[in-house]
Amino acid sequence: MPRESKYVGVVGDLQRLLGALEANREELPQVEPFRQKLAGILAQVLEVLQQQAALKAGKQESSKRLRRLLGDGQRLATLARTAVKEHYGVREEKVAEFGLQPFRGRKAKAVTEKPGPTPSPPPPVPEAPALSNR
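Bear in mind that the values here come from a model prediction, so they are computed numbers and not experimental data.

J.: Even after reading the chapter, I still don't get the overall build of the protein chain, so can you show me in this structure?
T.: Secondary structure summary: the protein chain contains 3 helices and 0 strands in total. Starting at the N terminus, the α and β elements of the protein chain follow one another as α-α-α. Burial statistics for the protein chain: of 134 residues in total, 30% are counted as buried. For the protein chain, restricting intrachain contacts to residue pairs at least 6 apart in sequence, the fraction spanning at least 24 positions comes to 56%.

Rendered as structure tokens:
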């Protein structure tokens, strides 16, 4: 899954992951500290987004803080996703609920039979210049 770079995309991604983590809270007790911290960061992100909309003059400072918080959120999301893969296994379809691609194996390469080396055609023979009678 490509990493989001726009604020709205990252916020949506974090909200979806948090919703999935909350829905599976009983099955993933080892992820609870990450979920709680991610919920706190997401609440701060939403607060900063509101501040950013309200305060045009302080937009640059809010943007710096937002970038830092979203980076922290993405790192925590990576940790949580790794813990989810560890819990369920990489081959389980359940990991798709958390925005992860289950491992379904690799497709076998098609075996193409290579014929023996073909002889290259001889180089073209240059034509003799035409003699002109003037």
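Next comes the rest of the description.
J.: How should helix H3 (residues 59-88) be read in this particular structure?
T.: Structural remark: α-helix, 3.6 residues per turn; residues separated by three or four positions point the same way. Over its 30 residues, H3 extends 42 Å from the first C-alpha to the last, a length consistent with the 44 Å expected when each residue adds 1.5 Å. Of the residues flanking the end of H3, it is Gly89, one or two places downstream, whose phi is positive at about 100°.

J.: So what exactly am I meant to see when it comes to the nonpolar core here?
T.: The tendency in soluble globular proteins is for nonpolar side chains to be buried as a group. Counting residues in each nonpolar core, the largest one holds 26 residues, and the members touching the most others are Leu21, Val84 and Phe98. If you list the elements that add at least two residues to this core, you get helix H1 (7-23), helix H2 (32-54) and H3. Among the elements that line this core, the one with the most residues is H3, at 9 residues. Setting aside anything within four residues of it in sequence, one finds Val84 in contact with Leu21, Leu28, Gly89, Val95, Phe98 and Leu100.

J.: Which parts of the structure should I look at to understand the environment of Ala43?
T.: Mapped onto the elements of the fold, Ala43 is located in helix H2. For Ala43, a relative accessible area of 47% translates into the label partly exposed. Ala43 sits 28 residues away from Gln15 along the chain, and the two C-alpha atoms are 10.0 Å apart.

J.: Can you help me understand H1 in this one?
T.: With 17 residues, H1 extends 24 Å from end C-alpha to end C-alpha; this agrees with the ideal 24 Å at 1.5 Å per step. Within the sequence span of H1, burial applies to Gly9, Val10, Val11, Gly12, Asp13, Leu14, Leu17, Leu18, Ala20 and Leu21.

J.: For this particular structure, what's the right way to read the pattern of salt bridges?
T.: It is possible for side chains bearing opposite charge to pair when their charged atoms get close. Under the criterion given, the structure shown has 7 salt bridges. Across the pair Arg75 and Asp72 runs a salt bridge, and its minimum N-O distance is 2.3 Å. Here Arg75 pairs with Asp72, and both are found in helix H3, just 3 residues apart, close to one helical turn. On the basis of relative accessible area, Asp72 is assigned to the partly exposed category, the value being 26%. What you see here is one network of salt bridges that share partners, running through Glu22, Arg25, Glu32 and Arg35.

J.: What is the right way to look at the environment of Pro33 in this model?
T.: Within the secondary structure layout, Pro33 lies in helix H2. Considered as a pair, Pro33 and Ala80 are 47 residues apart in the sequence and their alpha carbons are 9.4 Å apart.

J.: Mind showing me how you'd approach the packing of H1 against H3 here?
T.: A pair of packed helices is captured by two measures, namely the crossing angle of their axes and the spacing between those axes. As a packed pair, H1 and H3 sit with axes 10 Å apart at the nearest point and diverge in direction by 35°. Where H1 crosses over H3, the two elements pack in a sense that is left-handed. The residues of H3 that touch H1, namely those facing Tyr7, Val10, Val11, Asp13, Leu14, Leu17 and Leu21, are Ser63, Leu66, Arg67, Leu70, Gly73, Gln74, Ala77, Ala80, Arg81 and Val84.

J.: I keep staring at the confidence of the model for the protein chain and nothing clicks. Help me out?
T.: Detailed reading of the predicted coordinates is not advisable wherever pLDDT falls low. Predicted confidence across the protein chain gives a mean pLDDT of 86, with 87% of residues reaching 70 or more. Mean pLDDT across the elements of the protein chain bottoms out in H2 (92) and peaks in H1 (94).

Rules used throughout
- Residues numbered from 1 in each chain as written.
- Predicted model: local features only at pLDDT ≥ 70, side-chain atom pairs only at ≥ 80, totals over all residues.
- Heavy atoms only, no water.
- Helix = DSSP H or I, 4+ residues; strand = E, 2+ residues; numbered from the N terminus.
- Buried < 20%, exposed > 50% of the residue type's maximum accessible area, 1.4 Å probe, protein only.
- Contact = heavy atoms within 4.5 Å.
- Expected span 1.5 Å × (residues − 1).
- Core = buried A, V, L, I, M, F, W, Y, C linked by side-chain atoms within 4.5 Å.
- Salt bridge = Lys/Arg side-chain N within 4 Å of Asp/Glu carboxyl O.
- Axes fitted to C-alpha atoms, helices over the stretch in contact; angles between N-to-C directions.
- Left-handed = near helix turned anticlockwise from the far one by under 90°.
- pLDDT = per-residue confidence, 0-100.

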